Amino acid sequence: MPRVANPLTKVRKRLEACCFAEVNFKNLAKDKDKASDPDKHRNFYRSRVPIQREIVPAADEALDIACERLGVDRAMVHGFVDNDPAMGASCYDVRGNAVVSMTSGAIERFTIPEMTYVFGHELGHYVMPDRGLCNLRPDGKPASMEDAIIYRKLEISMDRFGMVACQDYKVAAVAFLKLHSGLGAQHITDDVVSYAKEAIKGYVQDYTEYLHDAFTTHPSLYARIRALSHFSESEEYLKLVGRKGGKPHAEVDAEVAKDLHATLDYYASKLMDDVIFDVNNHLAAAQVHFDGKCEVGRYDVHPQIKPEENVIKAILGDIQKTPADKRDEEVNARLDGLIRHAILRCPYRMTVHLEALLPKLADTKFHESAQKFALRFQEYLVKHRAGEQI
Ligand SMILES: [Zn+2]
């Protein structure tokens, strides 16, 4: 049988500029374009109104424009209306066919160019599926804070597909403000500068306030709007829409990374540092508990996160408070609790940390216990990513 060219290969080649950081086509999973059962979305035709020119003309026009500007074959794209007064859109099936939905609340309030922006974003999920880029649990949520950071980068990339589709930064920004507020044209302006001035007030210095935010899949609206503004001035975007000039891609990406860092990633990394710090000191305390001593210097494996003797002493003091026959159990329970924290926050960093620490303990009696800890960590990690309770 002759090999059929992948229709997305050309699209990806042309839209390389939409990639952000490690979210790029090279890193996609190998089975990314395996066609799924073509009948898989047939039930959508029974339960929803399809987006077609004769039935939902404005949305259909927007979807046509988005496909054309992205170079996606419209025949592979199946649009549907989600009967929901809230504003939103989604890309349900990214294997072989794109099944794109937009809520009735969004179609009612968006103009055709705004819908084009949002459809462009959703089609981005078809052109660049998330598989292989980060770990999502079966419920679709990022498996850890680190995976959420990657997913937020993916969303920046999707916004760029949206920009290529609508070709107007102001239109994209208003679509965002409408989506975020639920308001229609009558009540919302395109004054993104005033919005940015207000939004920035939400960013406080206490990083523990960001514990919930750090798991979110989407960057803050503030960072997304600014990212689009930067992208709209980039050399490669301007080339895609037939214009000259603009800033180099690397410069634009550096600006975007700075915003992502300032609005969330910096705080998330502090929350991760906390876990590495706790694991490190608890392992040192466990060594003192089981072996009667430890050389604190051996735990000095991270350039910023140093072991602290007073913290280790405090942990040992707490352990002493439990009855003598329950102390081993207490130490292991504490380490197990920390494994869970590390898996939720920073499994990649924890793996690297343990890989650096274990050889330093190789000639100690505690080495075997530390190895068991590392194995348990990997075992729990696999279970957690598969959606099992740990
Ligand atoms: Zn998205």
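Residues numbered from 1 in each chain as written. Predicted model: local features only at pLDDT ≥ 70, side-chain atom pairs only at ≥ 80, totals over all residues.

**Q** What am I meant to see in the environment of G337 here?
**A** Position of G337 relative to the elements: it lies in helix α13 (residues 327-345). Along the primary structure G337 and I390 are separated by 53 residues, whereas in three dimensions their C-alpha atoms are 9.9 Å apart. (Helix = DSSP H or I, 4+ residues; strand = E, 2+ residues; numbered from the N terminus.)

**Q** Can you walk me through the environment of L283 in this structure?
**A** Relative to the helices and strands, L283 is located in helix α11 (residues 249-291). The class of L283 is buried, set by 26 C-beta atoms lying within 10 Å. Sequence spacing of L283 and M145 is 138 residues, and the spatial spacing of their C-alpha atoms is 23 Å. Among all residues touching L283, those that are not within four sequence positions of it are Y299, A370 and F373. (Buried ≥ 20, exposed ≤ 12 C-beta atoms within 10 Å, placed from the backbone. Contact = placed C-beta atoms within 7 Å.)

**Q** Sorry, what's going on with the environment of G162 here?
**A** One can find G162 in helix α6 (residues 145-166). Of the residues examined, G162 has 28 C-beta atoms within 10 Å and is grouped as buried. C-alpha of G162 to C-alpha of T364: the two residues are 202 residues apart in sequence and 56 Å apart in space. G162 has contacts with Y117, V118, G120, H121, G124 and A172, leaving out every residue within four places of it along the chain.

**Q** How should the packing of helix α8 (residues 192-199) against helix α9 (residues 221-232) be read in this particular structure?
**A** Between two packed helices, the angle of one axis relative to the other and the distance separating the axes together describe the packing. Put simply, α8 and α9 touch, their axes get as near as 10 Å, and they point 140° apart. Looking at the two axes, α8 sits oblique to α9. Once α8 is placed against α9, the crossing between them reads as left-handed. Residue-level contacts link V192, A196 and A199 of α8 to L221, Y222 and I225 of α9. The residue makeup of the contact of α8 with α9, split by class, is six nonpolar, no polar and no charged. (Axes fitted to C-alpha atoms, helices over the stretch in contact; angles between N-to-C directions. Parallel < 35°, antiparallel > 145°, perpendicular 65-115°, else oblique. Left-handed = near helix turned anticlockwise from the far one by under 90°. Nonpolar A, V, L, I, M, F, W, Y, C, P; charged D, E, K, R; others polar.)

**Q** Explain the pairing of strand β2 (residues 77-82) to me, please; I cannot follow it from the model alone.
**A** Side chains on a regular strand alternate between the two faces of the sheet. A large share of β2 lies buried, amounting to five of its six residues. Summarising the sheet, strand β1 (residues 49-50) and β2 pair through two bridges and their orientation is antiparallel. Looking across to β2, one finds that V49 is bridged to V81. (Pairing = 2+ DSSP bridges.)

**Q** Hey, could you run me through the nonpolar core in this one?
**A** For soluble globular proteins, nonpolar side chains are generally found buried alongside one another. By size, the foremost hydrophobic cluster in this structure holds 105 residues, and its most contacted members are L70, L123 and A172. It is α11 that contributes the most residues to this core, 14 residues altogether. Here this core gathers at least three residues from each of two domains, domain 1 (9-27 + 45-247) and domain 2 (270-385). (Core = buried A, V, L, I, M, F, W, Y, C linked by C-beta atoms within 7 Å. Domains from an automatic or database assignment.)

**Q** Whenever I open this one, the domain arrangement of the protein chain confuses me. Can you help?
**A** It is common to report an interface's size as the accessible area lost on association of the parts. What the domain assignment lists for the protein chain is domain 1 (9-27 + 45-247) and domain 2 (270-385). For domain 1 versus domain 2, the distance between C-alpha centres works out to 41 Å. Of the residues lining the interface, ten residues belong to domain 1; the matching set on domain 2 comes to twelve residues. Split by residue class, the side of domain 1 that touches domain 2 holds six nonpolar, two polar and two charged.

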